[in-house]
Amino acid sequence: MPGLFENAVKQFEKATRFFKVSDDAKKTLENPKQIIEVSIPVRMDNGKLEIFKGYRVHYNDILGPTKGGIRYHPNVDMDEVKTLAFWMTFKCAVVGIPFGGAKGGVIVNPKKLSKQELERLSRGYIRGIYEFIGPDIDIPAPDVYTNETIMGWMADEYSRISRKLTPAVITGKPVSLGGSKGRDDATARGAYYIIREYAKKHNLDEKKLRVAVQGFGNAGYHIARLLHDDGYKIVALSDSKGGIYTKTGSLHPDSILKVKQEKGMIDGVYCRGTVCDDIEHEDVTNEQLLELDVDILIPAALENQITEKNADRIKAKLIVELANGPTTIEADEILFKKGVTIIPDILANAGGVSVSYFEWVQNRAGYYWELETVQERLKKLMVMAFEEVLKAREEHKTSFRTAAYIYASKKLVAAIEAKGTEEFFRRG
Ligand code: NAD
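What counts, and where the lines are drawn
Residues numbered from 1 in each chain as written. Predicted model: local features only at pLDDT ≥ 70, side-chain atom pairs only at ≥ 80, totals over all residues. Heavy atoms only, no water. Pairing = 2+ DSSP bridges. Helix = DSSP H or I, 4+ residues; strand = E, 2+ residues; numbered from the N terminus. Axes fitted to C-alpha atoms, helices over the stretch in contact; angles between N-to-C directions. Contact = heavy atoms within 4.5 Å. Near = heavy atom within 4 Å. Polar contact = N/O pair within 3.5 Å; in protein donor to acceptor, adjacent residues only side chain to side chain. Areas by Shrake-Rupley, 256 points an atom, 1.4 Å probe, with all protein chains shown as cover. Nonpolar A, V, L, I, M, F, W, Y, C, P; charged D, E, K, R; others polar. Buried < 20%, exposed > 50% of the residue type's maximum accessible area, 1.4 Å probe, protein only. Salt bridge = Lys/Arg side-chain N within 4 Å of Asp/Glu carboxyl O. Domains from an automatic or database assignment. Buried area = accessible area lost by both parts, 1.4 Å probe. 1 Å grid on protein atoms, 1.4 Å probe; cavity = no way out; pocket = protein on both sides within 12 Å on 5 of 7 lines; lining within 4 Å. Points joined across faces, edges and corners; volume = space filled by probe spheres on them. Core = buried A, V, L, I, M, F, W, Y, C linked by side-chain atoms within 4.5 Å.

Asks: What should I look at first to understand the sheet that holds strand S2 (residues 49–60) in this one?
Replies: Picture the strands of a sheet paired through backbone hydrogen bonds; they go either parallel or antiparallel. Read across the sheet, five strands follow the order S1-S2-S4-S3-S5 without closing on themselves; strand pairing throughout is mixed. Every other strand in the sheet has two partners, leaving strand S1 (34–43) and strand S5 (138–142) as the edge strands with one partner each. Strand-to-strand, the axes of this sheet are offset by a mean angle of 25 degrees, without reference to chain direction. Pairing between S2 and strand S4 (residues 100–107): six bridges, direction antiparallel. Within S4, the residue paired with valine 57 across the bridge is lysine 103. Contacting S1, S2, strand S3 (66–73) and S4, helix H3 (residues 78–95) runs over the sheet at an angle of about 155 degrees to S4. Contacts from helix H4 (residues 115–129) reach S1, S2, S3 and S4 within the one sheet, and its direction differs from that of S1 by about 145 degrees.

Okay, structure coming up:
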């Protein structure tokens with residue numbers, strides 16, 4: 001069976017059928033530039049030494065220094081990190097920011113580590129990849145199970161080693177350590193701007209739209225909150241332990257977050273003792289959540305959630321991929337034939353990297369922006385990218401995903417070919 005990476009490359013290959021691409025550019029974009037694997041020794045609280053495995057992949061840097069998050073998860077592997085770095089390459093091109101694509105990961109279940117162990121691991125990872133990153137080389141950021149505190153430790157470790165305060169080496173830091181205002185909800189906010197544009201273009205009554213969100217972390221919580229505040233009906237939410245669903249009302253993301261923070265789960269503990277006690281709800285599994293009768297389905301957790309096994313049973317008319325790679329290539333085709341619109345990951349969740357770019361710019365300039373400026377500029381980037389992808393979709397009569405790859409690939413291909421192709425050199 002083809003792996004995650006092989007399937008991701010097929011998304012790019014599909015796009016190259018729509019315009020002329022040299023073999024040189026194709027080959028370049030089908031292979032990662034460089035990969036590093038590190039062993040991270042961590043002294044555990046009980047005195048034992050544990051070695052964790054970490055990766056960092058620079059996929060392609062033709063458009064700028066590489067950029068991409070760091071994931072802490074027990075299922076991290078090289079194939080996944082490489083694929084996420086591949087997607088980052090195209091994502092940065094879609095929103096037109098001057099970055100290439102990268103990604104990092106550590107094989108670890110961070111929920112089993114104490115805060116002290118987590119700090120030692122995070123600093124150890126930076127010591128391992130120190131030469132591989134830098135404000136003009138590669139700039140990491142948060143991803144699944146990493147957060148702003150971890151980014152703060154990492155930026156600090158980098159600065160200690162280089163004996164130079166270097167905030168621009170990492171984005172997604174706490175605002176007090178040079179982070180950007182508005183980075184916390186940027187991934188969700190980017191998707192939120194696109195959903196609202198989509199609703200406007202299709203004359204949808206936003207107050208009637210029923211939404212299910214899989215994953216209740218940075219991306220999932222904030223999208224639920226933003227849409228809920230605008231009157232969308234959040235009918236289902238889930239995290240790794242399970243989910244909840246209401247047929248009649250709308251779930252209240254802030255109350256659920258409070259419960260989750262207190263109890264560590266949202267499954268079966270909905271709004272106990274809060275304002276929304278009276279909303280009828282039932283427990284659902286993550287699998288059931290995907291198949292609910294909703295208007296908008298937002299996967300905001302991990303890869304490969306919508307597959308050929310459940311694609312036929314998906315009832316949502318619009319899927320907005322806040323997660324990276326939640327839909328397999330087979331499921332993508334089934335859903336396209338069914339008439340389901342998918343706003344693909346490389347467009348839908350590009351808000352995070354966009355504000356990461358703003359953070360990097362602010363760190364380098366030493367000039368910090370107000371929240372309104374960040375949000376205004378983010379909206380402009382997202383709406384522009386959405387319009388461009390829409391144009392490509394109409395021109396080529398294809399899916400949003402292929403259109404986004406066409407639009408991004410054209411920029412990457414043009415840059416690669418500007419250095420000369422086989423045809424150019426053969427002519428002497
Ligand atoms: P996070 O660690 O903040 O949250 C992850 C959430 O997913 C948690 O609520 C967790 O309980 C849930 N989860 C884990 N396994 C699950 C499962 N099997 N089923 C259902 N839920 C599960 O991570 P995040 O930053 O919100 O990232 C979520 C997705 O968004 C990832 O695919 C990530 O790559 C993507 N993304 C994140 C950013 C960002 O800036 N954080 C940017 C772009 C894309």
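Asks: So what exactly am I meant to see when it comes to the site of the ligand here?
Replies: For the ligand, the set of nearby residues contains 22 residues, the closest of which are Asp143, Tyr145, Thr187, Asn218 and Asn324. Threonine 187 places a side-chain nitrogen or oxygen 2.7 Å from an oxygen atom of the ligand. One of the backbone N or O atoms of glycine 217 is found 3.1 Å from an oxygen atom in the ligand. Contact with the protein chains covers 89% of the free accessible surface of the ligand, which is 830 Å². Counted by class, the shell around the ligand contains nine nonpolar, nine polar and four charged residues.

Asks: What's the story with the side chain of threonine 341 in this structure? I'm lost.
Replies: In this structure, threonine 341 sits in strand S12 (residues 341–343). Taking relative accessible area as the criterion, threonine 341 reaches 13% and is therefore assigned buried. When residues no more than four places from it in sequence are discounted, the contact partners of threonine 341 are Tyr198, Lys317, Leu318, Ile319, Arg393 and Phe400.

Asks: Is there a simple way to think about the pattern of salt bridges in this case?
Replies: Between side chains of opposite charge, a pair can form when the charged atoms approach closely. What the rule picks out here adds up to 33 salt bridges. Salt-bridge contacts for arginine 364 lead to aspartate 136; the nearest nitrogen and oxygen are separated by 2.8 Å. Taken together, the residues arginine 364 in helix H12 (residues 351–365) and aspartate 136 in the loop between H4 and S5 connect sequence positions 228 residues apart. Relative accessible area serves as the criterion here: at 42%, arginine 364 is assigned to the partly exposed category.

Asks: What am I meant to see in the domain arrangement of the protein here?
Replies: Domain parsing of the protein yields domain 1 (34–177) and domain 2 (186–348). For domain 1 and domain 2, the distance between their C-alpha centroids amounts to 28 Å. Between domain 1 and domain 2, the residue contacts involve 13 residues of the former and nine residues of the latter. Where domain 1 abuts domain 2, roughly 880 Å² becomes buried across the two surfaces, and 57% of that area is made up of carbon and sulfur atoms. Three residues stand out in domain 1 for area buried against domain 2, namely Trp87, Lys91 and Val94, and they jointly supply 49% of the buried area on that side. Seen at the junction of domain 1 and domain 2, the total is one salt bridge. In this structure, arginine 71 and glutamate 303 form a salt bridge, with 2.7 Å as the shortest nitrogen-oxygen distance. At the junction of domain 1 with domain 2, the criterion picks out three residue pairs in polar contact (both at pLDDT 80 or more).

Asks: How do you make sense of empty space enclosed by the protein when you look at a structure like this?
Replies: A probe matching the size of a water molecule, rolled over the atoms, marks out where space remains unfilled. A full pass over the atoms with the stated rule returns one cavity of 30 Å³ or more. Estimates place the volume of the largest cavity at around 60 Å³. In terms of lining residues, the largest cavity is bounded by Gln11, Lys14, Ile329, Asp332, Arg401 and Thr402. Among the elements of the structure, helix H1 (4–16), helix H10 (329–338) and helix H14 (400–417) are those that each provide at least two residues to the lining of the largest cavity. Counted by class, the lining of the largest cavity contains one nonpolar, two polar and three charged residues.

Asks: Looking at this structure, how should I read the sheet that holds strand S7 (residues 233–239)?
Replies: An order of S9-S8-S7-S6-S10-S11-S12 is seen for the seven strands of this open sheet, with the pairing classed as mixed. Each having just a single partner strand, strand S9 (282–284) and S12 make up the two edges of the open sheet. Recorded for the sheet is a direction-independent mean angle of 20 degrees between the axes of neighbouring strands. Relative to S9, strand S8 (residues 242–245) runs antiparallel, the two sharing three bridges. Looking across to S9, one finds that glycine 243 is bridged to valine 284.

Asks: Looking at this structure, I do not really get unusual backbone geometry. What am I missing?
Replies: Excluding glycine, most residues fall at negative phi; most peptide bonds, likewise, are trans. Despite not being glycine, arginine 163 shows a phi value in the positive range, around 55 degrees. Relative to the assigned elements, arginine 163 resides in the loop between helix H5 (148–162) and helix H6 (186–201). Its identity as a non-glycine residue notwithstanding, lysine 397 has a phi of 50 degrees, on the positive side.

Asks: What am I meant to see in the nonpolar core here?
Replies: One broad trend across soluble globular proteins is that nonpolar side chains are buried collectively. Phe86, Ile223, Ile298 and Ile343 are the most contacted members of the largest nonpolar core, which has 90 residues in total. If one sorts the elements of this core by residue count, H3 sits on top with eleven residues. Val38, Met44, Leu118 and Met151 belong to the second-largest nonpolar core, a separate cluster that totals 26 residues.

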